[in-house]
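Residue strings, one per chain:
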Amino acid sequence: MASVRSKAAFGATAVVAVALVAAGLMMLALLRENLDEQVADDAELTGRMVAEQLATDTDFRDLDLDSPEPVQVVDRSTGLTRAKSDGLEEIGGTGSDRLDVSHPPSPEPTPSAPQGEEGDRDDDDDDDDDDDDTEERQDDQDGLEPSEVDNDVEHGNGWAVMNGERREYLFAEVEVTTPRGEEAIVYAGSPLDVEQAAIDSIRTSMLVAVPLLLGVVGVVTWLVTRRALGPVEGIRREMAAITRSADLSRRVPEPPAQDEIGRLAVTTNETLAALETAVERQRRFVADASHELRSPIASLRTQLEVGEAHPELLDVPGAVKDTVRLQALAADLLLLARLDAGERPQPGEVGLAGLVTEELEQRPAADPHPVRPAELAEVDVQGSRGQLARVLGNLVDNAQRHAAGLVRVSVRREGGDAVVEVADDGAGVPAGDRERIFQRFVRLDDARSRDDGGAGLGLAIARDVAARHGGSLTVGDAPEGGALFVLRLPAMA
């Protein structure tokens with residue numbers, strides 16, 4: 001499969017090629033149009049200069065035809081050539097290909113009408129003549145007044161041999177009427193090979209320049225893309241090495257430029273760091289879980305082996321206690337595993353006041369310290385009733401283990417949050433350990449916690465569940481003097 005560099009180079013070259021071809025065709029079309037206009041203007045200018053001479057009563061023999069291009073003056077009525085350029089040997093594409101100059105006698109100019117009384121006497125006759133002339137001009141639409149040059153100029157392609165050289169020409173056809181009433185057509189040519197030569201030159205230049213430019217674009221795009229994607233290849237090689245070695249402590253190189261690739265490298269390293277933390281956390285979890293499970297299992301096995309050998313020495317209450325402890329630990333580990341797997345709480349409406357009342361009523365009468373419910377406001381939250389009950393139970397269990405004689409539970413609404421507080425009158429939590437106690441398998445008083453059945457998972461579970469419900473769990477100082485655990489959850493309207 002082609003690399004990104006190849007695709008980028010090919011794509012850029014293709015785009016530039018399309019743009020250059022379109023621009024070149026447009027430029028050639030505009031150039032041809034401009035050159036056509038220029039050739040037509042040159043031919044028309046030459047034709048009009050000759051026609052103006054005829055309109056000013058210059059005789060056909062005296063016309064100034066000193067032009068390097070072909071000029072032919074043709075009598076409109078007879079089709080005879082009346083004048084031509086010096087050196088014009090053959091011609092085609094005009095009104096007549098006969099170049100033998102003919103000079104028939106020219107008619108006398110029509111005298112002007114007499115003025116004065118005689119003119120006055122003939123007014124009626126003149127009016128009749130004017131009417132007749134008007135009708136004649138209407139019958140002959142192409143007729144021009146004496147000494148008039150037609151403003152409408154026609155153009156056509158043809159050829160001519162000038163001084164032994166045959167060339168293609170664009171001829172301008174200019175009609176004129178002499179003061180004697182002779183109608184003539186002036187054919188003036190302008191060469192087309194100059195226009196074609198200019199177009200061919202531009203086309204040749206484009207055929208040479210465009211491939212060179214496309215090659216430069218392709219090479220430059222390849223080099224720029226290669227340089228830009230160099231860090232990506234470094235990231236790929238390092239990720240492959242990390243995969244082979246399974247060493248998550250390694251990091252991909254981060255380029256100095258903070259562009260998209262630089263941010264990709266930073267994000268990749270952050271992902272590797274999070275993955276390393278997760279794997280290390282899993283390893284510690286497995287190690288701690290194994291350690292925690294070993295103790296009750298060993299104790300239970302010892303008691304059962306003693307009971308098998310000496311039934312009278314079997315400590316049934318101790319075995320039941322170890323079994324309950326083992327069961328609770330297994331339940332905590334299973335819940336943590338589900339939380340780590342990304343399990344989300346089942347949606348449901350939970351009334352916190354009712355949840356607290358229900359939890360306190362289910363607690364055994366032999367609890368070490370009484371739990372006093374304080375303010376229990378009716379606040380509803382969205383989440384899993386079972387998981388929130390587990391959080392409340394863990395907080396109350398922790399408070400009873402460390403209280404001196406009293407545990408307080410309260411529920412209130414604070415802005416858009418539902419706040420649950422669990423306080424005790426024990427020794428409290430030192431400021432330096434207030435985040436550490438939420439880590440898994442952490443016990444500030446290891447010996448007492450183990451004796452009381454704590455494995456250091458209750459607070460970790462409580463914080464994880466609170467976070468997955470969009471809330472938080474923190475610890476501070478209680479008014480009673482002990483620890484104050486504050487659970488905040490988004491309240492329903």
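The structure this text deals with has already been given above.
Report follows, based on the coordinates. This is a predicted model, so every value here is computed, not measured.

Quick word on the nonpolar core
Okay, so step 1: One finds L473 and F485 to be the most contacted residues of the largest nonpolar core, which totals 45 residues.
Okay, so step 2: No other element matches helix α8 (residues 385–402), which puts 7 residues into this core.
Okay, so step 3: When sequence neighbours within four positions are dropped, the list of residues in contact with L473 reads L395, F438, L459, A462, R463, A466, F485, V486 and L487.
Okay, so step 4: V50, A83, V149 and A184 belong to the second largest nonpolar core, which has 19 residues in total.

Comments concerning a negative patch on the surface
Okay, so step 1: A cluster of acidic residues, E33, D36, E37, D41 and D42, forms a negative patch at the surface.
Okay, so step 2: Positionally, D41 belongs in helix α1 (residues 4–55).
Okay, so step 3: Assessed through its relative accessible area of 47%, D41 is described here as partly exposed.

Quick word on the packing of helix α7 (residues 352–362) against α8
In a packed pair of helices, the relevant descriptors are the angle between the two axes and the axis-to-axis distance.
Okay, so step 1: Running from N to C, α7 and α8 point in directions that differ by 60 degrees, and their axes come no closer than 10 Å. Relative to α8, the element α7 is oriented oblique. Where α7 crosses over α8, the handedness of that crossing is right-handed. For the pair α7 and α8, contact is made by G354, L355, V356, E358 and E359 and by R385, L388, A389, L392 and G393, respectively.

Section: helix α10 (residues 458–468)
Okay, so step 1: Residues L459, A460, I461, A462, D464, V465 and A466 constitute the buried set of α10.
Okay, so step 2: Next to the buried residues of α10 lie α5 (260–309), α6 (316–340), α8, β13 (472–477) and β14 (483–490).
Okay, so step 3: Looking one or two residues past α10, G470 carries a phi angle of roughly 80 degrees, positive in sign.

Notes on the packing of aromatic side chains
Okay, so step 1: Counted according to the given criterion, the structure contains 2 aromatic pairs.
Okay, so step 2: Taking 6.3 Å as the distance between ring centres and 80 degrees as the angle between the ring planes, the aromatic pair formed by F438 and F485 counts as edge-to-face. Of this pair, F438 sits in the loop between β12 (417–424) and α9 (446–451) while F485 is found in strand β14, placing the two residues 47 residues apart along the sequence.
Okay, so step 3: Between the NZ or CZ atom of R166 and the centre of the ring of W159, over which it lies, the distance is 4.0 Å.
Okay, so step 4: Between R463 and the ring centre of F438, over which it is positioned, the NZ or CZ distance is 3.9 Å.

Examining the pairing of strand β1 (residues 71–75)
Okay, so step 1: Counting buried positions along β1 gives 5 out of 5 residues, so the element sits mostly inside the fold.
Okay, so step 2: Along β1, one buried face is formed by V71, V73 and D75 and the opposite face, lined by Q72 and V74, is buried too.
Okay, so step 3: Relative to strand β7 (residues 183–191), β1 runs antiparallel, the two being bridged by 5 bridges. Following the sheet pairing, D75 is matched in β7 by A184.
Okay, so step 4: Where β1 meets strand β2 (residues 81–84), 3 bridges bridge the pair, whose relative direction is antiparallel. Across the sheet, the residue bridging to Q72 is K84, located in β2.
Okay, so step 5: Hairpin geometry of β1 and β2 is characterised by an intervening segment of 5 residues between the two adjacent antiparallel strands and by a positive phi of about 75 degrees at G79.

Calculation rules
- Residue positions within a chain follow its written sequence, with the count starting from 1.
- Per-residue local features of the predicted model are confined to residues with pLDDT of at least 70, and side-chain atom pairs are confined, for both listing and counting, to 80 or more; whole-chain, interface and lining totals are unaffected and use all residues.
- Only hydrogens and water are removed before side-chain values are computed, so all heavy atoms of the structure are retained for them.
- Residues grouped as a nonpolar core are buried Ala, Val, Leu, Ile, Met, Phe, Trp, Tyr and Cys residues, joined through side-chain atoms within 4.5 Å.
- When accessible area is computed with a 1.4 Å probe and restricted to protein chains, residues below 20% of their type maximum are described as buried, those above 50% as exposed, and intermediate ones as partly exposed.
- In this text, helices come from DSSP runs of H or I with a minimum length of four residues, and strands from runs of E with a minimum of two, each type numbered from the N-terminal end.
- In what follows, residue pairs with any heavy atoms lying within 4.5 Å of each other are defined as contacts.
- Put simply, a patch holds well-exposed residues, over 30% relative accessible area, that have no salt bridge, with like charges counted together within 9 Å and Val, Leu, Ile, Met, Phe, Trp or Tyr side chains within 5 Å.
- Note on areas: these come from Shrake-Rupley sampling with a 1.4 Å probe, and a residue is covered only by the protein chains present in the view.
- Only one rule defines a salt bridge in this text: a Lys or Arg side-chain nitrogen within 4 Å of an Asp or Glu carboxyl oxygen.
- Under the convention used here, Asp and Glu are negative, Lys and Arg are positive, and both His and the chain ends fall outside the count.
- Taken as the charge location is NZ of Lys, CZ of Arg, CG of Asp or CD of Glu.
- Between the N-to-C directions of two axes lies an angle of 0 to 180 degrees, each axis being a line fitted to C-alpha atoms and, for a helix, fitted only over the stretch in contact.
- Put simply, angles under 35 degrees are roughly parallel, angles over 145 are roughly antiparallel, angles from 65 to 115 are roughly perpendicular, and the rest are oblique.
- By definition, turning the near helix anticlockwise from the far helix through less than a right angle yields a left-handed crossing, and turning it clockwise yields a right-handed one.
- Here the aromatic set is Phe, Tyr and Trp, taking the six-membered ring for Trp, and pairing holds for ring centres within 6.5 Å; pairs whose planes are under 30 degrees apart are stacked, those over 60 apart are edge-to-face, and all others are tilted.
- Charge-over-ring contacts are defined here by two conditions on Lys NZ or Arg CZ: a distance within 6 Å of the ring centre and an angle within 35 degrees of the ring normal.
- The pairing criterion is simple: DSSP has to find at least two bridges between the two strands.

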